[in-house]
Amino acid sequence: MNQTTLQLEGECEIVIARTFNGPARLVFDAFTRPELVRRWWAPASLGVSVESCDADVRVGGGYRYVLRLKTGQLMAFSGTYSEVTPPTRLVYT
């Protein structure tokens, strides 16, 4: 089972953890290679698509994903990587 947990850490932090039933290398690649992130990040069933996806996957590097909602509105997510240990650990804001 792919259990997801959510834990509040203080007033400004949420820690979400999920276990995936698959080879670590494939799961790591799915989260770090923009061409793969584009394939699954946005909920296409709700009419959302990935407009752009950039990632500099290294400690101190950053990512930025821009989604297009079915209304045409854009919504961006961005953050930085604080831990990168391929293929077993990826921590980011």
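Residues numbered from 1 in each chain as written. Predicted model: local features only at pLDDT ≥ 70, side-chain atom pairs only at ≥ 80, totals over all residues. Heavy atoms only, no water.

*Asks:* Looking at this structure, how should I read the packing of aromatic side chains?
*Replies:* The geometry of an aromatic ring pair is captured by two quantities: the separation of the ring centres and the angle between the planes. Following the criterion strictly, the structure yields eight aromatic pairs and no others. The interplanar angle of 65° and the centroid separation of 5.3 Å between the aromatic rings of tryptophan 40 and tryptophan 41 together place this pair among those described as edge-to-face. What makes tryptophan 41 partly exposed here is its relative accessible area of 25%. (Phe/Tyr/Trp six-rings, centres within 6.5 Å; stacked < 30°, edge-to-face > 60°. Buried < 20%, exposed > 50% of the residue type's maximum accessible area, 1.4 Å probe, protein only.)

*Asks:* Is there a simple way to explain the nonpolar core in this structure?
*Replies:* If you look at soluble globular proteins, the nonpolar side chains tend to sit buried side by side. Phe28, Val37, Ala42, Val48, Val50, Cys53, Tyr63, Tyr65, Leu67, Tyr81 and Val84 form the largest nonpolar core, which has 11 residues in total. Elements supplying a minimum of two residues to this core: β3 (49–55), β4 (62–68) and β5 (74–85). Sorting elements by how many residues they give to this core places β4 first, with three residues. If sequence neighbours within four positions are ignored, leucine 67 has contacts with Trp41, Ala42, Val48, Ser49, Val50, Glu51, Gln73, Leu74, Met75 and Phe77. (Core = buried A, V, L, I, M, F, W, Y, C linked by side-chain atoms within 4.5 Å. Helix = DSSP H or I, 4+ residues; strand = E, 2+ residues; numbered from the N terminus. Contact = heavy atoms within 4.5 Å.)

*Asks:* What is the right way to look at the environment of threonine 19 in this model?
*Replies:* Positionally, threonine 19 belongs in the loop between β2 (14–18) and α1 (24–32). On the basis of relative accessible area, threonine 19 is assigned to the exposed category, the value being 52%. In sequence terms threonine 19 and leucine 36 are 17 residues apart; their C-alpha atoms lie 18 Å from each other.

*Asks:* Explain α1 here, please?
*Replies:* All buried positions along α1 are accounted for by Phe28, Asp29, Phe31 and Thr32. Relative to the axis of α1, the buried residues are bounded by an arc of 165° and lie together on one face. Those residues of α1 hidden inside the fold are in contact with α2 (34–40), β3, β4, β5 and β6 (89–92). (Arc of directions from axis to C-beta.)

*Asks:* Is there a simple way to think about the side chain of threonine 32 in this case?
*Replies:* On the secondary structure map, threonine 32 appears in helix α1. On the accessibility criterion, threonine 32 (9% relative accessible area) is buried. A polar contact of 2.8 Å, which involves the side chain of threonine 32, links it to the backbone oxygen of phenylalanine 28. What threonine 32 contacts, discounting residues up to four positions off in sequence, is Val37, Ala55, Val57 and Leu90. (Polar contact = N/O pair within 3.5 Å; in protein donor to acceptor, adjacent residues only side chain to side chain.)

*Asks:* What exactly am I supposed to notice about the sheet that holds β5 here?
*Replies:* Backbone-to-backbone hydrogen bonds pair the strands of a sheet. The strands run either parallel or antiparallel. Judged by pairing direction, the sheet is antiparallel, and its four strands sit side by side in the order β3-β4-β5-β6 without closing on themselves. With partners counted over all chains shown, the strands left at the sheet margins are β3 and β6, one partner each. For this sheet, the mean inter-axis angle between neighbouring strands, taken without regard to orientation, is 30°. Bridge analysis of β5 against β6 gives four bridges, and the strand direction is antiparallel. Bridged to glutamate 83 within β6 is valine 91. Running over the sheet, α1 touches β3, β4, β5 and β6 and is turned about 25° from β6. (Pairing = 2+ DSSP bridges. Axes fitted to C-alpha atoms, helices over the stretch in contact; angles between N-to-C directions.)

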